[in-house]
Amino acid sequence: MKKIEPRTLKGFRDFLPEQMAIRQKVFEIVKNVFESYGFVPIETPCLEYAETLLGKSGKEAEKLFYRFKDQGDRDIALIYELTISLARIIAQYPDIPKPFKRYQIQPVWRADKPQKGRYRQFTQCDIDIVGSKSSLADAEIIAIIY
């Protein structure tokens, strides 16, 4: 039997316990801040129909999608960023009360040629307020970032 060399794909990484403890602490702090402003968490699938993603991020970004046919011959892609999935949520569930203040912290994937400090899988942290025309919504986002 051929010996398999354990290795990680280029542009991906493992987080061992010490690193995970730090990451979890940071995520906990971020979530606490978001929730103190009334934001609620959502999570969306890591896969979307390719048609949902295409045409939303530009041709250059679309070159970076991990896109493939699944076993059901569906054209799908790993999520490239979180905003398009949020737009799908808003369109798919129009009865969500507005303004809708959501945060999302989850992995995204880009079929990029990784350079130092850049990865093909990374965690994106996103907040949005949907359904408010008030400039106070923008001010609130700025306050949270601060």
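Described in the following lines is the structure provided in the data block.

Definitions and limits used
- Residues numbered from 1 in each chain as written.
- Predicted model: local features only at pLDDT ≥ 70, side-chain atom pairs only at ≥ 80, totals over all residues.
- Heavy atoms only, no water.
- Salt bridge = Lys/Arg side-chain N within 4 Å of Asp/Glu carboxyl O.
- Helix = DSSP H or I, 4+ residues; strand = E, 2+ residues; numbered from the N terminus.
- Buried < 20%, exposed > 50% of the residue type's maximum accessible area, 1.4 Å probe, protein only.
- Phe/Tyr/Trp six-rings, centres within 6.5 Å; stacked < 30°, edge-to-face > 60°.
- Lys NZ or Arg CZ within 6 Å of the ring centre and 35° of its normal.
- Polar contact = N/O pair within 3.5 Å; in protein donor to acceptor, adjacent residues only side chain to side chain.
- Contact = heavy atoms within 4.5 Å.

## Some points on the pattern of salt bridges
For side chains bearing opposite charge, pairing can occur when the charged atoms are close. Here the structure, examined in full by the defined rule, presents 9 salt bridges. With its nearest N and O atoms 3.3 Å apart, the salt bridge here joins Asp126 to Arg102. Placement of the pair is Asp126 in strand β6 (residues 121–130) and Arg102 in strand β5 (residues 100–109), with a sequence separation of 24 residues. By relative accessible area, Arg102 is classed as buried at 0%.

## A word on the packing of aromatic side chains
Within the structure shown, the criterion is met by 2 aromatic pairs. Aromatic side chains Phe34 and Tyr103 sit 5.2 Å apart centroid to centroid with 50° between the ring planes, which places their arrangement in the tilted category. Of the two residues, Phe34 sits in helix α1 (residues 17–36) while Tyr103 sits in strand β5, which places them 69 residues apart along the sequence. This pair shows no difference in class: Phe34 is buried, exactly as Tyr103 is. With 5.4 Å between their ring centres and 55° between their planes, Phe65 and Tyr80 make a pair best called tilted. Within this pair, whereas Phe65 is found in the loop between α3 (59–62) and β3 (67–69), its partner Tyr80 is found in the loop between β4 (75–78) and α4 (83–92), the two being separated by 15 residues in sequence. Directly above the ring of Tyr119 sits Arg13, whose terminal nitrogen or CZ lies 3.8 Å from the centroid. Over the ring of Phe15 we find Arg23; its NZ or CZ atom is 3.8 Å from the centre of that ring.

## Focus: the side chain of Arg102
At a separation of 3.2 Å, a polar atom in the side chain of Arg102 contacts the side chain of Gln104. One polar contact links Arg102 to Asp128, side chain to side chain, over a distance of 3.0 Å. Those residues in contact with Arg102, other than ones at most four positions away along the chain, are Phe39, Val40, Ile42, Leu82, Thr83, Leu86, Asp126, Ile127 and Asp128.

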